[in-house]
Amino acid sequence: MTHPSQVQLTADGRLKHFLTTEGLSRELLTEILDTADSFISTQERAVKKVPLLRGKTVVNLFFENSTRTRSTFELAAKRLSADILNLDIARSATSKGETLMDTLWNLEAMYSDMFVVRHADSGAAHFIAEQVTPGVAIINAGDGRHAHPTQAMLDMLTIRRHKQQIEGQVVAIVGDILHSRVARSQIHALNTLGAAEVRVIGPATLLPRDIEALGAKAYYRMEDGLKDCDVVIMLRLQKERMQNALLPSESEFFKLYGLTEQKLALAKPDAIVMHPGPINRGVEIESAVADGEQSVILNQVSYGIAVRMAVMAMAMSGQQTEENAQ
Amino acid sequence: MSSFVIRQARLIDPSQQRDEITDIRIAGGKIDAIGADLSGSNSIDASGLWLTPGFIDLGGHLAEPGYTQKGSIASETKAASRSGFTHVCALPDSKPVADSAAVIQLIREKAEQAGSAEVLPLGALTQGLEGEQLANMFSLSEAGCVAMSNARQPIKDSYVLRRLLEYAATYDLPVFLTANDAALAAGGCMHEGPVSTRLGLAGIPETAETAALAQIILLAEQVPVRLHISQISCARSIAMLRNARSRGHDITADVPLANLLYTQDTVHGYNSQFHVQPPLRSEDDRQALLAAVAAGELAISSNHRPHEIAAKKAPFADAEAGLSMYDYFLPLAMSLLGEQLDISALVRSLTQLPAQVLGRQANLALGSAANLVLIDPQQSLTARRSELLSRGGNISCRGEVLTGQATAVMRNGHWIYQAD
């Protein structure tokens, strides 16, 4: 198998799948952001549809439930004029003996043009991209702990629109980095786009081993990690972490890592606060901050549709270029 | 009595400190003479070839009984003989588990019918390999088991571990243990380190092996048991074993060939072939394991585990663990020869050391059983699934050009493998 970052590119370096932000060039990531920017203006119009994916069939293939992410992909596909089919395949379907390969072969018989895939296994989107018929684009909507590249790109868009540029920003990502595909995708995108420093903050139990190898500096205390930050990204804390001896309690986590106005004061005065949602108020962030002036959390949601439109349009166009070349 | 002479081979037998070009004569299934210009009723010219004792594998999965979609005793022992193995220890995690004399008898009969590498069954240490109740070790030994093992299944707790060591020691039965703390390894599918972090795969920390090994060593030091540690993967484990030996505890160990060849870096790109147990660790670990083989401290085992193609066609964590090693074991092992490892140390790790673990002989001394391998060190071939003798298509080296082939393998005076 080849490296994920190569599988997602055509021979001339254009996007044909979107599996990970890792290994993509600064130009390509910037092109995604620019394209998304252009779609934001179309969304402000009364007629929001553009015909880029007219006649194409997009299948939302969700092996893990996620109403929010699935809905934004559905809206994005519709605004690109594609036909969309939602398939919620609970994990139980595959445990009944049907393998992921069986599922794929069945779906291919429907002649779809794009799969938007969410799966609990790291590497699942990459696996599917290597197995599907040529011409079918795969968009990773989250694979295990590995990557959630559209979420990361909408976060990049949020930073760029509020801070004008990503270059030079000091960004801290706080909380459960170990289980976070969002954090991994953010770290790669931030480094490629020229962030001055990427920090991760959390207890040792929630920071993955050798995280520095990914290009993030580890901090264990908010007092150290938030100092002089331009951007603070809070991650959602899953309740099951308490059962797995990773944390003693939500209250102790909030005491140490919960973002309060007091802690936020350590960052730069114009720092922005982000969260991929859904928020656990009082666990990772207090309401005063989540709803405060520095919070850009609600803006993030509306940019999500534009970013997903951008990568869907770019990947479909990459597939067509490759098909024409052959 | 008919006799057979192999002429002018380079005889490499570390146990006899031999490395010379000579003739060797086989008669009555034994080494009958060694020296220049021997006469016999038949002979072959083996100039340019290497001649070594037959290899002994301390642990492979033969897939039978129970997993015939993956392989059979006939197919897997044939594949083993292709790489020079005359004897293979079959791990007990078949279905049913090798915890009864009936299963052992079945395995031995199938192996005998196949007429290839001889199978030396490992009996289950605990019933059903469940780690709780001791298996009928003495009866299993009587049925032909050469040692007791729990494969990679966990022993329930330190109490059971202590008692099974004591029980096995009572009857002088060798015990093979893997050092694997099930709680620390839980959910993991590769080495915990920079690659697992990058790929978002759950890691198996080094301490899953070393913490378990420390416990095993401390318990075993209180019991006069013949203990062998199967499938070690960490540099730290070598130091711990060395330390135990320096205190007078003769604990042996083996390393799977894959852990000498590959590291965590092979997993980049989610290549599910490299989902193996124990996991492939860091380059430092690999180098330390190689050095220990060179120093004669570790035997090399195959950890052969054949799978049907579908078992690996899944996202990395969901793919079944294991590599099909037998077909290309010999050239892959020979690819390690170089500055650190010489041919004598490699042969020792495949013959003398595993033989000592089992209390057997593996040599080309006068009067010894004629178990031997003729190797063409120059011959190359391309690794192809279509040419496998094993039923397991899950090889690590597909499409690679590999150098070094067994041209013929003899067990007890009979050829069990001859290359085309």
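Calculation criteria
Residues numbered from 1 in each chain as written. Chains lettered and ligands numbered in written order. Predicted model: local features only at pLDDT ≥ 70, side-chain atom pairs only at ≥ 80, totals over all residues. Heavy atoms only, no water. pLDDT = per-residue confidence, 0-100. Contact = heavy atoms within 4.5 Å. Buried area = accessible area lost by both parts, 1.4 Å probe. Salt bridge = Lys/Arg side-chain N within 4 Å of Asp/Glu carboxyl O. Polar contact = N/O pair within 3.5 Å; in protein donor to acceptor, adjacent residues only side chain to side chain. Nonpolar A, V, L, I, M, F, W, Y, C, P; charged D, E, K, R; others polar. Core = buried A, V, L, I, M, F, W, Y, C linked by side-chain atoms within 4.5 Å. Buried < 20%, exposed > 50% of the residue type's maximum accessible area, 1.4 Å probe, protein only. Helix = DSSP H or I, 4+ residues; strand = E, 2+ residues; numbered from the N terminus. Phe/Tyr/Trp six-rings, centres within 6.5 Å; stacked < 30°, edge-to-face > 60°.

1. Let's talk about the confidence of the model for chain B
Moving on, step 1. Per-residue confidence for chain B averages 97 on the pLDDT scale, and 100% of its residues sit at or above 70.
Moving on, step 2. At the level of chain-chain contacts, confidence expressed as ipTM amounts to 0.92, with global pTM at 0.94.

2. Considerations on the interface of chain B and chain A
Moving on, step 1. Each partner contributes to the interface: chain B provides 19 residues, whereas chain A provides 27 residues.
Moving on, step 2. Contact with chain A buries surface across chain B, with B:Thr197, B:Arg198 and B:Tyr270 losing the most and accounting together for 34% of the total.
Moving on, step 3. Across the contact surface, chain B and chain A share two salt bridges.
Moving on, step 4. One salt bridge connects A:Arg209 with B:Glu192, and the closest N-O pair in it is separated by 3.2 Å.
Moving on, step 5. Viewed at the interface, chain A and chain B are joined by nine residue pairs in polar contact (both at pLDDT 80 or more).
Moving on, step 6. Looking at the side of chain B that touches chain A, its residues break down into nine nonpolar, six polar and four charged.

3. Some details on the nonpolar core
Moving on, step 1. Counting residues in hydrophobic clusters, the biggest one holds 102 residues, and the most contacted among them are B:Leu227, B:Ile229 and B:Leu257.
Moving on, step 2. Among residues more than four places away in sequence, those in contact with B:Ile229 are B:Leu177, B:Ala179, B:Leu213, B:Ile216, B:Leu241, B:Ile251, B:Thr252, B:Ala253 and B:Asp254.

4. Notes on the side chain of B:Gln273
Residues and elements named next belong to chain B.
Moving on, step 1. Here Gln-273 shows up in the loop between helix H9 (257-261) and helix H10 (283-294).
Moving on, step 2. Residue Gln-273 is classed as buried on the basis of its relative accessible area, which comes to 13%.
Moving on, step 3. Discounting residues that sit within four places of it in the chain, Gln-273 has contacts with Lys-312, Gly-322, Leu-323, Arg-385, Asn-394 and Ile-395.

5. What to know about the packing of aromatic side chains
Moving on, step 1. For the coordinates displayed, the defined rule picks out eight aromatic pairs over all chains.
Moving on, step 2. Through successive ring pairs, a cluster of aromatic residues spans B:Phe55, B:Phe85, B:Tyr326 and B:Phe329.

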